[in-house]
Amino acid sequence: MQVLINRVITWINIILCYFILIAFLDLAFTSKMFLIFKTILGIITLVYGLTYSAYQKEKLLNYLKIEEKKKQEKIKRNLILDKQKRYYQFKGNINTILPDINFIENDKKVYLNNDERMEYLNNLILSIKQINEDAEFKNMNIILQPHLELINNIFRINNEIKHKINIDVLEDLNIHSKIMNINNILHNYNNYLRNMSEVFKNDYFSIKVGIEGEEAVNRQLAIYNDILHNYSNVRFEVDGISIENDNLIVSPFGVFSLEVKNLGITSNFSIKIEKDGRWKRIYNNGREEIMKNITEQTYRHVGLVQKMINNKLKEKGYSGEYIQVQTLIVFANENVNIINDSDIPVLRVSNIYHSIVNNSKQKLDENIIKLILEIIEEERLELKKYEIDEISEYLKNLAYTLNEKMINYNQLYTQLQSLNNLI
């Protein structure tokens, strides 16, 4: 309505000005000139009137928009003030007593041989499942996810409230820095458990694969237990050096040391043993990678075991030929492709007996076999133990502590939800 009134007044003013000018032109010019100027003046007046009218309209509309915006802002301010009033009335109900949480790494270690480690790791899996049924070695940090999500939700809902009332509630309650600190500590735990997950996952896979390989070899050797004496996982100490043999076999065909490998079960690479004894992984994409020299380590161990057996035989009065310990490298799975360009005896599990019979370099009678068996029994030592984190109690305590201390944080989140709904 205001726009229409302004436009009418504008046109009245323009028309009055037009007639005043027409009257002046009528006095100043002849009738012919008057008609010309009258026409031009009419056109100018019309154009000016339309332009000025539009300008006035735009100006008025802008003014009205500004006034409306001010009005809306005032309403919004009043609304925010009303919400802030509700917040301050509610503020006293919010729990700000939030327990501290400290980051502590696990410092408990145990020392176990491979079989004991496997048993420990299997029990640890069950223990982890009791804390969180979805937890595994690959994701032990999953026990922290509910707490991390809770903190994220507290920050999220605080931002929603801040948008509504222009007040950072966590800052206003002087707990923002504390929650940030708890968030950082939870992330430190998360990173720590992720690293530990990687360690345990790799350890479990390595031990499991190794034990499966040893079991496959022992099952095969058990078929020939009437003629082969098999010592699985036997350790000696010679010249101050600890030596472990996957399998040490004493038979009429001689003494054999088996180095058991269970590499390449995923079939994503082949193993090549070059003429000079160097070992390589050749991946399916053609990439090559130098491996640890298994042959060198195996022969060094065999040499020391051989030395020990012959020295002990002399002590027992034996004066016969020197006993040679022969080496066989056994791959315990059928998946990996083996390219052997060397003269190193590399074979599959199914070929062990055949290789022992056909690679025999000396025959042993029952008496010498008996002496060698006595030496092995006398000299064998307890299997080497390895350090491993005893983390089961650590995880249980961590889960319990967090569940207890995060109760107050969960209560805070619930109260912030109520406040958010209130305002």
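Being a predicted model, the structure only gives us computed values, none of them experimental.

A. Spotlight on the overall build of the chain. Helix and strand counts for the chain come out as 11 helices and 11 strands. Looking at the 423 residues of the chain, the share that counts as buried comes to 41%. About 24,400 Å² of surface is accessible on the chain, with carbon and sulfur atoms providing 52% of the total.

B. Broad picture of the layout of surface pockets. Empty space within the largest pocket amounts to approximately 1,100 Å³. Together, 36 residues line the largest pocket, and Ser206, Gly210, Glu259, Val260 and Lys261 are the ones closest to its centre. At the level of secondary structure, the elements contributing two or more residues to the lining of the largest pocket comprise helix H3 (114-131), helix H6 (176-222), strand S2 (229-238), strand S3 (241-251), strand S4 (254-261) and helix H7 (294-315). Top contributing element to the lining of the largest pocket by residue count: H6, with eight residues. Considered class by class, the residues forming the lining of the largest pocket number 14 nonpolar, 13 polar and nine charged. For the second largest pocket, the calculated volume is near 240 Å³. Looking at the lining of the second largest pocket, the elements that each hand over two or more residues are H7 and strand S8 (325-331).

C. Fine view of the packing of helix H4 (residues 145-165) against helix H11 (residues 407-422). At a minimum axis distance of 10 Å, the contact between H4 and H11 shows a crossing angle of 25 degrees. It follows that H4 is roughly parallel to H11 by the angle criterion. For the pair H4 and H11, the sense of crossing is left-handed. Where H4 approaches H11, its residues Leu150, Ile151, Asn153, Ile154, Arg156, Ile157, Glu160, Ile161 and Lys164 are matched on the opposing element by Tyr409, Asn410, Leu412, Tyr413, Leu416, Gln417, Leu419 and Asn420. Considered class by class, the residues forming the contact of H4 with H11 number 10 nonpolar, four polar and three charged.

D. How the structure looks around the side chain of Gln362. If you trace the backbone, Gln362 turns up in the loop between helix H8 (352-358) and helix H9 (366-379). At a separation of 3.4 Å, a polar atom in the side chain of Gln362 contacts the side chain of Glu321. Here Gln324 takes part through its backbone nitrogen, which lies 2.7 Å from a polar atom of the side chain of Gln362.

E. Geometry of the pattern of salt bridges. Per the counting criterion, the structure on display carries 23 salt bridges. A salt bridge links Lys261 to Glu259; its shortest N-O distance comes to 3.2 Å. Take Lys261 and Glu259: they sit in the same class, and that class is buried. Counted as one network, the salt bridges with shared partners bring together Glu274, Arg278, Lys280 and Glu288.

F. Structural detail: the sheet that holds strand S10 (residues 346-348). Strand order across the open sheet formed by five strands is S2-S3-S4-S8-S10, with mixed pairing between neighbours. Two strands lie at the open edges of the sheet, namely S2 and S10, each paired on one side alone. Across the sheet, the axes of successive neighbouring strands diverge by a mean angle of 40 degrees, strand direction being ignored. Pairing of S8 with S10 involves three bridges; the strand directions are parallel. Bridge pairing in S10 places Phe331 opposite Arg348. Sheet strands in contact with H9 are S2, S3 and S4, and its direction is about 55 degrees off that of S2.

G. Just the packing of H3 against H6, in detail. Orientation of H3 relative to H6, taken along the N-to-C sense of each, is 130 degrees, at an axis distance of 10 Å. As summarised for this structure, H3 and H6 are arranged oblique, according to the angle between their axes. The hand of the H3/H6 crossing is left-handed. Between H3 and H6, the contacting residues are Asn114, Asp115, Arg117, Met118, Tyr120, Leu121, Asn122, Leu124 and Ile125 on the first element and Phe200, Asp203, Tyr204, Ile207, Lys208 and Ile211 on the second. Among the residues making up the contact of H3 with H6, the classes are represented as nine nonpolar, two polar and four charged.

H. Summary view of a nonpolar patch on the surface. Judged by side-chain polarity, Leu61, Tyr63 and Leu64 come together as a nonpolar surface patch covering roughly 260 Å² of accessible area. With respect to the helices and strands, Tyr63 occurs in helix H2 (residues 31-91).

I. Inspection of the sheet that holds strand S6 (residues 279-283) at higher detail. Spatially, four strands are ordered S7-S6-S5-S9 in an open sheet, and the strand pairing comes out mixed. What marks the edges here is a single partner per strand, and that holds for strand S7 (288-290) and strand S9 (337-340). Between one strand axis and the next, the sheet turns by 25 degrees as a mean value, whatever way the strands run.

J. Quick peek at the nonpolar core. The biggest cluster of nonpolar side chains holds 54 residues, and the ones touching the most others in it are Ile154, Ile179 and Phe200. Elements that contribute at least two residues to this core include exactly H2, H3, H4, helix H5 (169-172), H6, helix H10 (392-405) and H11. Ranked by residues supplied to this core, first place goes to H6 with 12 residues. When sequence neighbours within four positions are dropped, the list of residues in contact with Phe200 reads Tyr120, Leu121, Leu124, Phe137, Met140, Ile388, Asp389 and Ile391. Of all hydrophobic cores here, the second largest spans 23 residues; its members include Val234, Val302, Val325 and Ile372.

Procedures and definitions
Residues numbered from 1 in each chain as written. Predicted model: local features only at pLDDT ≥ 70, side-chain atom pairs only at ≥ 80, totals over all residues. Heavy atoms only, no water. Helix = DSSP H or I, 4+ residues; strand = E, 2+ residues; numbered from the N terminus. Buried < 20%, exposed > 50% of the residue type's maximum accessible area, 1.4 Å probe, protein only. Areas by Shrake-Rupley, 256 points an atom, 1.4 Å probe, with all protein chains shown as cover. 1 Å grid on protein atoms, 1.4 Å probe; cavity = no way out; pocket = protein on both sides within 12 Å on 5 of 7 lines; lining within 4 Å. Points joined across faces, edges and corners; volume = space filled by probe spheres on them. Nonpolar A, V, L, I, M, F, W, Y, C, P; charged D, E, K, R; others polar. Axes fitted to C-alpha atoms, helices over the stretch in contact; angles between N-to-C directions. Parallel < 35°, antiparallel > 145°, perpendicular 65-115°, else oblique. Left-handed = near helix turned anticlockwise from the far one by under 90°. Contact = heavy atoms within 4.5 Å. Polar contact = N/O pair within 3.5 Å; in protein donor to acceptor, adjacent residues only side chain to side chain. Salt bridge = Lys/Arg side-chain N within 4 Å of Asp/Glu carboxyl O. Pairing = 2+ DSSP bridges. Patch = residues over 30% accessible without salt bridge, like charges linked within 9 Å, V, L, I, M, F, W, Y side chains within 5 Å. Core = buried A, V, L, I, M, F, W, Y, C linked by side-chain atoms within 4.5 Å.

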